[in-house]
Amino acid sequence: MKRIRQRKRITIMRDDHIGDLLGAIFLDVSAQHEDAIMARLTEYLGQRVRIVKAEISSDRAEVDVEVKAWEEEANRLAATAKDLNQKGARRNAQSLYREALELDPLNVAAAAGLGTLLADSEKYTEALAVLKFACEAGAPSPPLLLALAQVCIKTERTASAIAYLERSYEIEPSNFGVRRALTELGRKPKPLPRASRTDLAKSQDSTDKPTKKLH
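Attention here is on the structure that accompanies the text. (Residues numbered from 1 in each chain as written. Predicted model: local features only at pLDDT ≥ 70, side-chain atom pairs only at ≥ 80, totals over all residues. Heavy atoms only, no water.)

**A few points about the environment of Lys123**
- Mapped onto the elements, Lys123 comes out in the loop between α4 (108-120) and α5 (124-137).
- For Lys123 and Val151, which are 28 residues apart along the polypeptide, the C-alpha to C-alpha distance reads 9.4 Å.
- When neighbours within four sequence positions are excluded, Lys123 is seen to be in contact with Gln94 and Leu118. (Helix = DSSP H or I, 4+ residues; strand = E, 2+ residues; numbered from the N terminus. Contact = heavy atoms within 4.5 Å.)

**Thoughts on helix α2 (residues 71-86)**
- Here α2 spans 23 Å end to end across 16 residues, near enough to the 22 Å set by a 1.5 Å rise per residue.
- Along α2, the residues that are buried comprise Glu73, Ala74, Leu77, Ala78 and Ala81. Taken end-on, α2 shows its buried residues confined to a sector of 135°, consistent with a single buried face. Along α2, exposed side chains directed more than 90 degrees from the buried face belong to Glu72 and Gln86.
- Looking one or two residues beyond α2, the residue adopting positive phi is Gly88, at roughly 95°. (Expected span 1.5 Å × (residues − 1). Buried < 20%, exposed > 50% of the residue type's maximum accessible area, 1.4 Å probe, protein only. Arc of directions from axis to C-beta.)

**What about the nonpolar core?**
- Grouped together as the largest cluster of nonpolar side chains are 39 residues, with contacts concentrated most on Tyr97 and Leu165.
- Sorting the residues of this core by element identifies α2, α3 (90-103), α4, α5, α6 (142-154), α7 (158-171) and α8 (176-184) as the ones contributing at least two each.
- Ranked by residue count, the leading element in this core is α6, at 8 residues.
- Contact partners of Leu165, with chain neighbours within four places excluded, come to Leu146, Ala149, Val178, Ala181, Leu182 and Leu185.
- If you look at the next biggest cluster of nonpolar residues, it comprises 20 residues, including Leu22, Leu41, Ile56 and Ala137. (Core = buried A, V, L, I, M, F, W, Y, C linked by side-chain atoms within 4.5 Å.)

**Digging into helix α1 (residues 34-45)**
- Taking 1.5 Å per residue as the helical rise, α1 with its 12 residues ought to reach 16 Å, and the 16 Å between its terminal C-alpha atoms agrees with that figure.
- Turning to α1, its buried residues number three or more, namely Ile37, Met38, Leu41 and Leu45. Buried residues in α1, looked at end-on, bunch into an arc of 95°, giving them a common side. Facing away from the buried side of α1 by over 90 degrees, the exposed positions are Asp35 and Glu43.

See below:
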C-alpha cells in the first residue's frame, strides 16, 4: 500500500450544524475567537486531518486541509463493502466501510456508503452525521442529498429534508426521485428547462457575504 499526501477543501454549511457543537463556529468569527474556532474544527475533523486554512462566513466554512491516506486501499475496501452490502452482508460491509475511513478519513465513497447503510439499518442519528460529512468531504451529489433528505423525513426533520431536496434539485432538476419527494412534501418543483424536460422524458421512457480567514 502506498500512503499519499492529499490536499482538499472541505465545505461545511451552517445549516447542517444548527444546534450542535460545530455550529457554534458561525456565531462569532471575530479574531478573538480564532483559537476556539480552530479547536472546534480540529475536534470535528479529527487529529489525522491537518487544517491548513479556514475561511468562515455567516453561512459556511471553507476549510483547506491536508491528510496522509492510503487512498487506493481505501477505495478498494469501499468498493468491496458496496458489493457486500448489495449481497445482504450488511455487518461485513459496515466493518469494511469503517476500515476504509481509517485508511482515508476523507474518503467520500466510504462515508456515503456507510451513511446509507446506517440509514437502512435505522441508525438515523449516526447516519445523518456520516452523510453530512460525506457531503462536506466532496462535492454534494443528488443521490447523497436525497439520502440525507430521506433520513430527515424518517426523523421528522421536514424543513431540513426540503432544504436537501431543493439543493439536489438545483444540481439535477431531472432527478425523478427528488421531484417526487418534493411533491410529497408539498413543494412543487419549478418547471424544468426545455433541455432538462427532454432528458427527463428520455429517462422515463428508458426506465418506464463577509468572510473571516483563519490560519
